[in-house]
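Listed below are the residues making up each chain.
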Amino acid sequence: MGAVEISIIGLLFGFLLLAIPLIISNWFKLGMGKTTLWSIGRMSVQLMLVGFFLEYIFALNNPWLNFAWLILMIITAIFSAISRAKLKFKIIFVPILIAFTTSTLLILFYFNAFVIKLDYLFEARYLIALGGMLLGNVLSVNITAVNSFYQEIRSQHKFFLYRLAMGANQREALEPFLRRSFQLALLPALAKTATIGVVSLPGMMTGQILGGSSPATAIRYQIAIMIAIYTCGALSVLMTLLLSTKKSFDSYGVLKENIFAR
Amino acid sequence: MKKRKPIIEFKNIFLDFKTKTKIKEIFKDCNFAVNSGQKVVVFGKSGTGKSTLLNLILGFKQPKSGSIFFKNKKITSENIWHVRSQIAYVDQDVMMGEGLVKEIIDEYFSFIANSKVKFSQKELEKQMSDFDLDLSLLEKDISHLSGGERQRLALVVALLLKRPFMILDEVTSALDPASKKIVIEKLIKNKKQTLLVITHDKEWQQEPGVKVFDFKEKKWVQ
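Residues numbered from 1 in each chain as written. Chains lettered and ligands numbered in written order. Predicted model: local features only at pLDDT ≥ 70, side-chain atom pairs only at ≥ 80, totals over all residues. Heavy atoms only, no water.

**Points about the pattern of salt bridges**
Residues and elements named next belong to chain A. On inspection of all chains with the given rule, the structure shows 15 salt bridges over all chains. A salt bridge links R125 to E123; the shortest N-O distance between them is 4.0 Å. Residue R179 is joined to E175 by a salt bridge in which the shortest nitrogen-to-oxygen separation is 3.9 Å. Of this pair, R179 and E175 both sit in helix α8 (residues 170–195), four residues apart, roughly one helical turn. On the basis of relative accessible area, E175 is assigned to the partly exposed category, the value being 27%. (Salt bridge = Lys/Arg side-chain N within 4 Å of Asp/Glu carboxyl O. Helix = DSSP H or I, 4+ residues; strand = E, 2+ residues; numbered from the N terminus. Buried < 20%, exposed > 50% of the residue type's maximum accessible area, 1.4 Å probe, protein only.)

Written as structure tokens, this is what we have:
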């Protein structure tokens, strides 16, 4: 048993719904008409292309191809993160590369091996779908963490230097800044997690139920993946921040001035 | 000849930085030393780069050329961490962090470099009352303290660290005349401690035995 197929005509009815936000935009002169059409259009084309590739990849289910696709996803996430981080490429590239790759692969294979207990660890459906969920979160929490970390050190530079003057070693001097950016990056997701099931039904669970899984199965997946997402986010933030500090402070422990992009 | 024992010494220091319109020279072949136990006051118009003097000593900035010595040893990126642990530093509108005052104090004493420094409750109480700070402040959130209270609290912490060299940047400018007098007398009284004070306040220079350095002219005037 699977979800009911959406026909082309059905999809057109779906697009028809867009008339409502477009009328609202026009009415209040929001100027969002063009952006709406562009965003929805872009998403549709991207998804059609991805759908085409995924059909192909799922049908072949070749371990090398599956893994290569996952790596491609990771690389895309890395470059997306770098373009949104306010640090120069040469400072942030290696930390993000190592953090994203290790944390995602580690948590993903642990999840597939011990939580789902897949016989075939490179099974396309699990590797790619779950990998995407982990990466989406890794991307957003790392951007928040890295930007807030360096911005706070810069805006509270006096406090940072005072800590050094008080005898702090590099890690001790950075401690309150690490603490704050961890909290900023991870707490919002945790707060959202706490309301799941009451306020919102998460996308993956909805998808699974529509796809024919029993709610009991969908719930177990949802619980396990939320934990995996949270852990993967925390691990990647730790690695990004600690690795980036190696290049962004001089040998006297002071923040370098030329690390910020633009 | 009396043997000099410099605690800090600048030898042939050059340092300039670019402003929008010109290159500003702060140090041009500057030689400057503070001997152990001395009380030195540095004055000069604002904008002359007095704080740069402190930034150089604490390793927050490096000179273009020349060397800085701490107890006759050249300051490097390796030994700067030790040098900092020998200097108690307080500047104007000091930022000590967030949270309860007593927890903030405990945190600074939890640094590895300070782990051997101990102070008794009695010492803390004595220092606080000397600086006219109520003991109830310890239980307060630091954001509820006034600027003057924060300044004096930082001085208390600096003294509790019992470091041989104390550097103060405009610490008395925010204090009312009465507490200014208390603070100056207390800090000058400590014979062993070397003191380097950057200040506009004339009161410091009136204390006996104080040496005075004119930063703009780069020469000793008293």
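**A look at the domain arrangement of chain A**
Residues and elements named next belong to chain A. Domain assignment breaks chain A into domain 1 (1–60) and domain 2 (62–259). Taken over C-alpha atoms, the centre of domain 1 sits 28 Å from the centre of domain 2. Counting residues at the interface gives nine residues for domain 1 and ten residues for domain 2. Seen at the junction of domain 1 and domain 2, the total is zero salt bridges. Linking domain 1 with domain 2 are one residue pair in polar contact (both at pLDDT 80 or more), by the criterion used here. Classifying every residue of the side of domain 1 that touches domain 2 gives eight nonpolar, one polar and no charged. (Domains from an automatic or database assignment. Contact = heavy atoms within 4.5 Å. Polar contact = N/O pair within 3.5 Å; in protein donor to acceptor, adjacent residues only side chain to side chain. Nonpolar A, V, L, I, M, F, W, Y, C, P; charged D, E, K, R; others polar.)

**Focus: the interface of chain B and chain A**
Often the size quoted for an interface is simply the accessible area lost on bringing the parts together. Between chain B and chain A, the contact holds 31 residues from the first and 21 residues from the second. Our count for the chain B to chain A interface comes out at four salt bridges. Residue B:E98 is joined to A:R180 by a salt bridge in which the shortest nitrogen-to-oxygen separation is 3.9 Å. Taken together, the links from chain B to chain A amount to ten residue pairs in polar contact (both at pLDDT 80 or more). The set of elements that each furnish at least two residues to the side of chain B that touches chain A consists of α2 (80–85), β6 (87–91), α3 (101–110) and α5 (147–160) of chain B. Each residue belonging to the side of chain B that touches chain A can be placed in one class, and the counts come to 17 nonpolar, eight polar and six charged.

**Here we look at the environment of A:L70**
All names here are of chain A. Within the fold, L70 resides in helix α4 (residues 63–84). Under the relative-accessibility criterion, L70 is labelled buried at 0%. A sequence separation of 62 residues divides L70 from G132, and the C-alpha atoms of the two residues are 8.1 Å apart. Discounting residues that sit within four places of it in the chain, L70 has contacts with L105, L108, L127 and G131.

**Concerning the packing of helix α5 (residues 89–115) of chain A against helix α6 (residues 124–155) of chain A**
All names here are of chain A. α6 packs onto α5 with a crossing angle of 140° between their chain directions and a minimal axis gap of 10 Å. Between α5 and α6, the angle is such that the two are oblique. Crossing of α5 against α6: the hand is right-handed. On α6, the residues that touch I92, F100, S103, T104, I107, L108, F109, F111 and N112 of α5 are Y126, L127, L130, G131, L134, L135, V138, L139, N142 and V146. Residues that form the contact of α5 with α6 fall into these classes: 14 nonpolar, five polar and no charged. (Axes fitted to C-alpha atoms, helices over the stretch in contact; angles between N-to-C directions. Parallel < 35°, antiparallel > 145°, perpendicular 65-115°, else oblique. Left-handed = near helix turned anticlockwise from the far one by under 90°.)

**Things to note about the nonpolar core**
Grouped together as the largest cluster of nonpolar side chains are 136 residues, with contacts concentrated most on A:F100, B:I8, B:F10, B:F27, B:M96, B:L168 and B:L196. Sequence-distant contacts of B:M96, defined by excluding residues within four places in its chain, comprise A:F159, A:Y162, B:I104, B:Y108, B:I142, B:R150, B:L153, B:A154 and B:V157. (Core = buried A, V, L, I, M, F, W, Y, C linked by side-chain atoms within 4.5 Å.)

**Things to note about the side chain of B:K50**
Residue and element names in this part refer to chain B. For K50, the position within the fold is in helix α1 (residues 50–57). No salt bridge is formed by the buried K50. Its closest oppositely charged neighbour is E170, at 4.8 Å. Within polar-contact distance, the side chain of K50 engages the backbone oxygen of G44 at 2.8 Å. Those residues in contact with K50, other than ones at most four positions away along the chain, are V42, F43, G44, K45, E170, I198, H200 and F215. (Lys, Arg positive; Asp, Glu negative; His and termini not counted.)

**Some points on the pairing of strand β2 (residues 23–35) of chain B**
All names here are of chain B. By the bridge criterion, nine bridges tie strand β1 (residues 6–18) to β2 in an arrangement that is antiparallel. Bridged to P6 within β2 is N35. What sits between β1 and β2 in their antiparallel hairpin is a turn of four residues. (Pairing = 2+ DSSP bridges.)

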